[in-house]
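Coordinate analysis (summary)
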Amino acid sequence: MTDASNLTRDLLDALAWQIELGADEAIAETPADRFAESAAPAAPRVPDAAARVAPDARPGPEAKPRGDEEEATPAALARAAETLEELAEAMRGFEGSPLKRGARSFVFADGVPGARVMVIGEAPGGDEDRVGRPFVGRAGQLRDRMLAAIGLSRDAPAPEEAAYIANILPWRPPGNRTPSPEEVALFLPFIERHIELAKPDFILSVGNTPTKALLDTTTGIKRLRGRWVRHAATGLPLLPSFHPAYLLRSPADKRLAWRDLLALRAALEGAAVVLD
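Remember, predicted model here, so these are calculated numbers, not experimental data. (Residues numbered from 1 in each chain as written. Predicted model: local features only at pLDDT ≥ 70, side-chain atom pairs only at ≥ 80, totals over all residues. Heavy atoms only, no water.)

**Some words on the packing of helix α4 (residues 84–93) against helix α8 (residues 181–198)**
Where α4 meets α8, the closest approach of the two axes is 10 Å, and the angle between their N-to-C directions is 165 degrees. With respect to α8, the element α4 is oriented roughly antiparallel. For α4 against α8, the interelement crossing comes out left-handed. From α4, Leu84, Leu87 and Met91 reach across to α8, where they touch Phe190, Arg193, His194, Leu197 and Ala198. Residue classes in the contact of α4 with α8 are distributed as 6 nonpolar, 1 polar and 1 charged. (Axes fitted to C-alpha atoms, helices over the stretch in contact; angles between N-to-C directions. Helix = DSSP H or I, 4+ residues; strand = E, 2+ residues; numbered from the N terminus. Parallel < 35°, antiparallel > 145°, perpendicular 65-115°, else oblique. Left-handed = near helix turned anticlockwise from the far one by under 90°. Contact = heavy atoms within 4.5 Å. Nonpolar A, V, L, I, M, F, W, Y, C, P; charged D, E, K, R; others polar.)

See below:
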């Protein structure tokens, strides 16, 4: 075997070892100041001929000036959104969170708007940040299998068989850490408007972070799960359950999560929902 072949084999072995240890991002030997890069002025854009507006063309609507800082708050931006597309653009353009500068992708939602069930998680992880969709890693695959077990799918075209999936935060926290209470509070108006525009019949809140935020409580998920409660902002029935990432670490609690899914299935089939 040649020296070049030996070197290639050694490099591949080293890469496989790093992946096994959990390394999922390439980092340079010297640090890069991404905040300085994002603050650098962008080069002027010169439109091509096809994009130029004819002199007699009617100008499009101009953006309203934002002299009042209140117009740029999450609550105001959320209220102004009349469609899911407008809400996504408002969230994507919101500059009030440093998480945006450290994430690769804006992760808004997946599934079928108008689905009877809206699943709400915490925040994107590494896989979601790369792909730009919520719940696509190992935890997401488990979530898909769990939903399929009660006849739901994010890919189903019919709303009664579909699930719509989103997170409290649209940007990945560094290192997949748990979002801080301040970060959650910042994006809470967006997710509450998201629920209003998606118009589900039921909310499935998975994990501590989204459940505490949506219910404005400090009670943990182990005490709240499996009990139907009313989401104060919309009045919709909300069922707290375990996050699939937790179930991967604690498989013994899958039996409790299965009870929650059966309760959701019963509600979808018309069983009376008793709210705590």
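**Considerations on the sheet that holds strand β3 (residues 163–167)**
Strand order in the open sheet formed by 6 strands is β1-β3-β2-β4-β6-β5, with mixed pairing between adjacent strands. Each edge of the sheet is formed by a strand with only one pairing partner; in this case those strands are β1 (109–111) and β5 (229–230). Note that strand β2 (residues 117–121) and strand β4 (residues 202–206) share 4 bridges and pair parallel. Counted as the bridge partner of Ile120 is Ser205 from β4. (Pairing = 2+ DSSP bridges.)

**Details of helix α7 (residues 138–149)**
It helps to recall that an α-helix has 3.6 residues per turn; residues three or four apart then point in one direction. The end-to-end C-alpha separation of α7 is 17 Å, in line with the 16 Å expected for 12 residues at 1.5 Å each. Of all the positions in α7, only Ala139, Gly140, Leu142, Arg143, Met146 and Leu147 are classed as buried. The buried residues of α7 occupy an angular sector of 160 degrees when projected down its axis, which confines them to one face. α7 presents Arg138 and Arg145 as exposed residues on the side facing more than 90 degrees away from its buried surface. (Expected span 1.5 Å × (residues − 1). Buried < 20%, exposed > 50% of the residue type's maximum accessible area, 1.4 Å probe, protein only. Arc of directions from axis to C-beta.)

**Things to note about the pattern of salt bridges**
Enumeration according to the criterion identifies 13 salt bridges in this entry. Residue Glu95 pairs with Lys100 through a salt bridge whose shortest N-O separation is 2.7 Å. Each of Asp110, Arg133, Asp144 and Arg154 takes part in one network of salt bridges that share partners. (Salt bridge = Lys/Arg side-chain N within 4 Å of Asp/Glu carboxyl O.)

**Topic: α4**
Within α4, burial applies to Leu84, Leu87, Ala88, Ala90 and Met91. In an axial view of α4, the angular spread of the buried residues amounts to 165 degrees, which keeps them on one side of the axis. Exposed residues lying more than 90 degrees from the buried face of α4 are Glu85 and Glu89. Among the structural elements, α3 (74–80), β3 and α8 are those in contact with the buried residues of α4.

**A short note on the pairing of β3**
By the criterion of burial, β3 is predominantly enclosed, with 5 of the 5 residues buried. With 5 bridges connecting them, β2 and β3 associate as parallel partners. Each bridged residue has a counterpart across the sheet, and for Gly121 the counterpart in β3 is Asn167.

**Some points on the pairing of strand β6 (residues 237–241)**
For a regular strand, side-chain orientation follows a simple rule: the groups alternate between the two sheet faces. Here β6 lies mainly inside the structure; 5 of its 5 residues are buried. The two faces of β6 match: Pro237, Leu239 and Ser241 on one face and Leu238 and Pro240 on the other face are all buried. By the bridge criterion, 4 bridges tie β4 to β6 in an arrangement that is parallel. By the bridge assignment for β6, Ile203 is matched with Leu238. Here 2 bridges tie β5 to β6, and the two strands are oriented antiparallel to one another. Paired with Val229 across the strands is Leu238, a residue of β6. Count of turn residues in the β5/β6 antiparallel hairpin: 6 residues, of which Gly235 carries a positive phi of about 80 degrees.

**Focus on the confidence of the model for the chain**
This prediction gives the chain a mean pLDDT of 85; 74% of its residues lie at or above 70. Within the model, pLDDT remains below 50 along residues 38–68, and this stretch shows 6 contacts once partners closer than five positions in the same chain are excluded. (pLDDT = per-residue confidence, 0-100.)

**Here's the deal with the side chain of His243**
Positionally, His243 belongs in the loop between β6 and α11 (244–249). For His243, the side chain forms a polar contact with the main-chain nitrogen of Ala245, separated by 3.0 Å. Not counting chain neighbours up to four residues away, the residues in contact with His243 comprise Phe135, Ala139, Val206 and Gly207. (Polar contact = N/O pair within 3.5 Å; in protein donor to acceptor, adjacent residues only side chain to side chain.)

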